[in-house]
Amino acid sequence: SCAYSIHRMVAAGLPLKMLPGEWYGPTTAAHVIAALTSGHLEHSKQLTTHVASHGALCKHALHSLMGPDVLTSPDSLSHPLQITNAQSPPPTRWNTALLLILPLRLG
């Protein structure tokens, strides 16, 4: 009944054409973890999972994932110590947590 067991990882890898016993590279493992997380928390919207394709992270993709209110605040992902214009709107709070996976193959 463990949501992230090896058996569930194998089952989540089948739609990705990965058979039991085959090596899961970083990208496949990232997508399997994302599938398990979304399936495990499908009734609870407390966590959003995003796999950054090709090691690139797009700011607008995060805005669309984190809720409709975030789209109105373009600086919501700015560094907290960044000096901003006094007339800019305050950053909008995200309505969910984010698990960001960057699949990188090293070596």
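As the structure is a prediction and not an experimental result, all values here were calculated from the model. (Residues numbered from 1 in each chain as written. Predicted model: local features only at pLDDT ≥ 70, side-chain atom pairs only at ≥ 80, totals over all residues. Heavy atoms only, no water.)

**Some words on the overall build of the chain**
Here's step 1: Tallying secondary structure elements over the chain gives three helices and two strands in all.
Here's step 2: In sequence order, the chain lays out its α and β elements as α-α-β-α-β.
Here's step 3: Here the chain, with 107 residues, has 27% of them falling under the buried criterion.
Here's step 4: Partitioning the intrachain contacts of the chain with sequence separation of at least 6 by distance along the chain shows that 51% fall at a separation of at least 24. (Helix = DSSP H or I, 4+ residues; strand = E, 2+ residues; numbered from the N terminus. Buried < 20%, exposed > 50% of the residue type's maximum accessible area, 1.4 Å probe, protein only. Contact = heavy atoms within 4.5 Å.)

**Points about unusual backbone geometry**
Among all residues except glycine, the phi angle is most often negative; among peptide bonds, the trans geometry is most common.
Here's step 1: Phi is positive for K17, close to 65 degrees, though the residue is something other than glycine.
Here's step 2: Residue placement: K17 occurs in the loop between helix 1 (6-13) and helix 2 (26-40).
Here's step 3: Using a relative accessible area of 70% as the deciding quantity, one classes K17 as exposed.

**Some thoughts on the pairing of strand 1 (residues 47-51)**
Here's step 1: Across the five residues that make up strand 1, a large majority, four, are buried.
Here's step 2: In this sheet, strand 2 (residues 97-101) lies alongside strand 1 in parallel orientation, the contact comprising five bridges. Bridging across to strand 2, T48 finds its partner in L98. (Pairing = 2+ DSSP bridges.)

**Some points on a nonpolar patch on the surface**
Here's step 1: On the surface, L57, L100, L102, L104 and L106 cluster together into a nonpolar patch covering about 500 Å² of accessible area.
Here's step 2: Residue classification places L100 among the partly exposed residues on the basis of a relative accessible area of 32%. (Patch = residues over 30% accessible without salt bridge, like charges linked within 9 Å, V, L, I, M, F, W, Y side chains within 5 Å. Areas by Shrake-Rupley, 256 points an atom, 1.4 Å probe, with all protein chains shown as cover. Salt bridge = Lys/Arg side-chain N within 4 Å of Asp/Glu carboxyl O.)

**What about the confidence of the model for the chain?**
Here's step 1: Looking at the chain as a whole, its pLDDT mean stands at 76, while 70% of the residues score no less than 70.
Here's step 2: Here helix 3 (residues 59-65) stands out as the least confident element of the chain, with mean pLDDT 77; helix 1 is the most confident, with 92.
Here's step 3: Long-range and interchain partners of residues 71-76, a stretch whose pLDDT sits below 50, account for 14 contacts in this model, where long-range means more than four residues apart. (pLDDT = per-residue confidence, 0-100.)

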